[in-house]
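Reading the structure
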Amino acid sequence: INIVAGFAIGATRLGLTLTESLGRFTLLTVGDGLVAQIPALMISTATGIIVTRAASESSMGKDVLTQLFRQPRVLLLVGGVMSALGLFTPLPNLPFLTIGITLAMLGLKMHSEVKHAMEEIPDIQEEADVESLRKPENIIPLLQVDPIELEFGYGIIPLADPNQGGDLFDRLIMIRRQIALEYGIVVPMIRLRDNIQLNSNAYIIKIKGATVASGTVMFDHFLAMNPGTVEGEVQGVDTIEPAFGLPAKWIVAEDREKAEIFGYTVVDPSSIISTHLTEVIKRHSYELIGRQEVKQLIDNLKETNATLVDELIPVYMGIGDVQKILSNLLKEGVSVRDLVSILEALADYAPSTKDLNILTEYVRQKLSRMITATYIQGKSAKVVTLDQDLENLLMDAVQQNGSSSYLSLDPVSSQSILNNIAVQVQNLLQIGEQPIIVTAPIVRFYLKRLTDQYIPDLIVLSYNEIESDIDIQSVGVVTI
């Protein structure tokens, strides 16, 4: 419409030639179309601004000014473009140059202020850090003791760094899963940290801040252990396997296949550390289960066994009492995963006695099938028993102390019993049998406590903890 009408008006009324009229009104039509797009562009821009600031709580005008004039780079860029338009285009020079120079100067000033502020930040941060150290509240986090810590020298860091192919973090997850399946407890998070004070290849394991185990590994080497059926020798550095104290050798990677052919058991450094850590956690699991952990286990059990939990807790026992019994079981390597059977036994016998040691024995009898499967392979067992006079002596030496009991023996009798036990245990080891002592239920707990300090790995069972279909063969008798 613009072209045709303009062509007609220009030719008939404005006195233009046909060529002049066509050229002029064609240009005007194109310009009119471009001008008509400006409102649409502004509406689209305004809509985008409004939509993108929907999460802001301040006014739109404040947001626009803040975002446009907060960055000196924006002012410098706009000032440069405006100055270029004033210098190199037919647009009016004075207005564009004035606006461009003004914006550029503002941008330079803002850039200088930002740079100065950034230089002051470290000083302010340092002052804030010093001030924070002066506050007594910041000392509180330092009092926190991690339940389990694994500290290692800088030479072992690659084993814990996934970017360098280390898989120690993944192994820690598997350790926690394994302990949960075997012992029925949730192991706390294991803290890993490097310690520059250690030897580069050394590591230590801490339980509640105290070092309980240590070891060394050789990075880029493998540990070859002799299971007793080795048919050849490999060159390596003699050492002791840290988890079980077995003689072993550190060998280079090139000799791994050769060692396996000869019959050696070959493991990598990560496996050594994780195995050692697993054994330490098992040995100290009774220290890692507290009242809070027991409450979590009981709350989880209550979702499916509410009647059992409500009958026992808090009517007859508290969380602390249950925690002590679970700790007694874990200290002797008995899993507490079957928490239903444990609480069933406590609900049966807690109304009649408050002695936690006696209650622990009742629980062990309830778990007899699991205990038998753990310590006795097959349908028979060669064990050491106690003389009847010795059992009577131990029963008479039991003293009651409030809600607990203890064994009161004179030093001479205690030493004599321990010496006789050591002789019988040595006889069992010589015939290739696992050292197990079987005694009456009433003295089992106290005999185990008596031998803990001198023979910590000795297995002490009562007759009621062994399934009736097991043939018990006594190969030795402990006398007084």
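Just so we're clear, the structure is a prediction, and the values are computed from it rather than from any experiment.

**Brief notes about the side chain of lysine 448**
Within the element layout of this structure, lysine 448 appears in helix H19 (residues 441-452). Side-chain polar atoms of lysine 448 contact the backbone oxygen of leucine 458, separated by 2.7 Å. When residues no more than four places from it in sequence are discounted, the contact partners of lysine 448 are Glu332, Pro456, Leu458 and Val460.

**Observations regarding the packing of helix H7 (residues 168-183) against helix H9 (residues 269-283)**
Orientation of H7 relative to H9, taken along the N-to-C sense of each, is 30°, at an axis distance of 10 Å. Crossing handedness for the pair H7 and H9: right-handed. Between H7, through Leu168, Arg171, Leu172, Ile175, Gln178, Ile179, Glu182 and Tyr183, and H9, the contact on the second element is made entirely by Ser270, Ser271, Ile273, Ser274, Leu277, Thr278, Ile281 and Lys282. The residue inventory of the contact of H7 with H9, partitioned by class, reads 8 nonpolar, 5 polar and 3 charged.

**Re the packing of aromatic side chains**
Within this structure, the stated rule accounts for 2 aromatic pairs. Here the aromatic rings of tyrosine 349 and tyrosine 362 are separated by 3.8 Å at their centres, their planes lie at 5°, and the arrangement is stacked. Of this pair, tyrosine 349 sits in helix H14 (residues 339-349) while tyrosine 362 sits in helix H15 (residues 356-366), and the two are 13 residues apart along the sequence.

**Notes on the pairing of strand S3 (residues 202-207)**
Counting buried positions over the 6 residues of S3 gives 6, a clear majority of the element. Here S3 shows two buried faces, one formed by Ala202, Ile204 and Lys206 and the other by Tyr203, Ile205 and Ile207. Of the strand pairs in this sheet, strand S1 (residues 148-152) and S3 are connected by 5 bridges, and their pairing is antiparallel. Considered in S3, the bridge of phenylalanine 152 is made with tyrosine 203. Sheet analysis places S3 next to strand S4 (residues 210-216), joined by 6 bridges and oriented antiparallel. Bridging across to S4, isoleucine 204 finds its partner in serine 214. Where S3 hands over to S4, the hairpin turn is made up of 2 residues, of which lysine 208 adopts a positive phi near 55°.

**Re the sheet that holds strand S7 (residues 247-252)**
One open sheet holds the 4 strands; their spatial order is S6-S7-S5-S8, and the pairing between them is antiparallel. A strand with exactly one partner marks an edge of an open sheet, and here the two such strands are strand S6 (237-240) and strand S8 (265-267). Each strand axis lies, on average, 35° off the axis of its neighbour in the sheet, ignoring direction. In this sheet, S7 lies alongside strand S5 (residues 221-225) in antiparallel orientation, the contact comprising 5 bridges. Paired with alanine 224 across the bridge in S7 is lysine 249.

**Some details on the environment of serine 468**
Structurally, serine 468 can be placed in the loop between strand S13 (459-462) and strand S14 (471-478). Separated by 100 residues in the primary sequence, serine 468 and serine 368 place their C-alpha atoms 9.9 Å from one another.

**Considerations on the layout of surface pockets**
Approximately 760 Å³ is the volume attributed to the largest pocket. At the level of elements, H9, helix H13 (319-331), helix H16 (368-375), H19 and S13 are the ones that each hand at least two residues to the lining of the largest pocket. Counted by class, the lining of the largest pocket contains 11 nonpolar, 3 polar and 9 charged residues.

**Focus: the packing of H15 against H19**
Remark: H15 packs on H19, axes separated minimally by 10 Å, with the N-to-C direction vectors making an angle of 110°. It follows that H15 is roughly perpendicular to H19 by the angle criterion. Relative to H19, H15 is oriented so that their crossing is right-handed. Contact with H15, carried on its side by Asn357, Glu361, Arg364 and Gln365, involves Pro441, Arg444, Phe445 and Tyr446 of H19 and no other residues of that element. Partitioned by chemical class, the residues of the contact of H15 with H19 number 3 nonpolar, 2 polar and 3 charged.

**Things to note about the confidence of the model for the protein chain**
Taken residue by residue, the protein chain gives an average pLDDT of 83. The fraction at 70 or more is 90%. Between the elements of the protein chain, mean pLDDT differs from a low of 67, seen in helix H3 (residues 60-69), to a high of 93, seen in H14.

**Examining the sheet that holds S1**
Strand order in the open sheet formed by 4 strands is S2-S1-S3-S4, and the pairing between neighbours is mixed. Each having just a single partner strand, strand S2 (190-194) and S4 make up the two edges of the open sheet. The sheet shows a mean angle of 20° between the axes of neighbouring strands, taken without regard to direction.

**A closer look at the pattern of salt bridges**
Applying the stated criterion across every chain, the model contains 21 salt bridges. Across the pair arginine 193 and glutamate 149 runs a salt bridge, and its minimum N-O distance is 2.2 Å. One end of the pair, arginine 193, is in strand S2; the other, glutamate 149, is in strand S1, and 44 residues separate them in sequence. Note on arginine 193: relative accessible area 30%, which makes it partly exposed. Between arginine 171 and aspartate 167 there is a salt bridge, with the nearest N and O atoms lying 3.1 Å from each other. Arginine 171 sits in the partly exposed class, given a relative accessible area of 22%. Take aspartate 167: its relative accessible area is 27%, and that puts it in the partly exposed class. Taken together, the salt bridges that share partners define one network made up of Glu332, Glu361, Arg364, Arg444, Lys448, Arg449, Asp452 and Glu465.

What counts and how
Residues numbered from 1 in each chain as written. Predicted model: local features only at pLDDT ≥ 70, side-chain atom pairs only at ≥ 80, totals over all residues. Heavy atoms only, no water. Helix = DSSP H or I, 4+ residues; strand = E, 2+ residues; numbered from the N terminus. Polar contact = N/O pair within 3.5 Å; in protein donor to acceptor, adjacent residues only side chain to side chain. Contact = heavy atoms within 4.5 Å. Axes fitted to C-alpha atoms, helices over the stretch in contact; angles between N-to-C directions. Left-handed = near helix turned anticlockwise from the far one by under 90°. Nonpolar A, V, L, I, M, F, W, Y, C, P; charged D, E, K, R; others polar. Phe/Tyr/Trp six-rings, centres within 6.5 Å; stacked < 30°, edge-to-face > 60°. Buried < 20%, exposed > 50% of the residue type's maximum accessible area, 1.4 Å probe, protein only. Pairing = 2+ DSSP bridges. 1 Å grid on protein atoms, 1.4 Å probe; cavity = no way out; pocket = protein on both sides within 12 Å on 5 of 7 lines; lining within 4 Å. Points joined across faces, edges and corners; volume = space filled by probe spheres on them. Parallel < 35°, antiparallel > 145°, perpendicular 65-115°, else oblique. pLDDT = per-residue confidence, 0-100. Salt bridge = Lys/Arg side-chain N within 4 Å of Asp/Glu carboxyl O.

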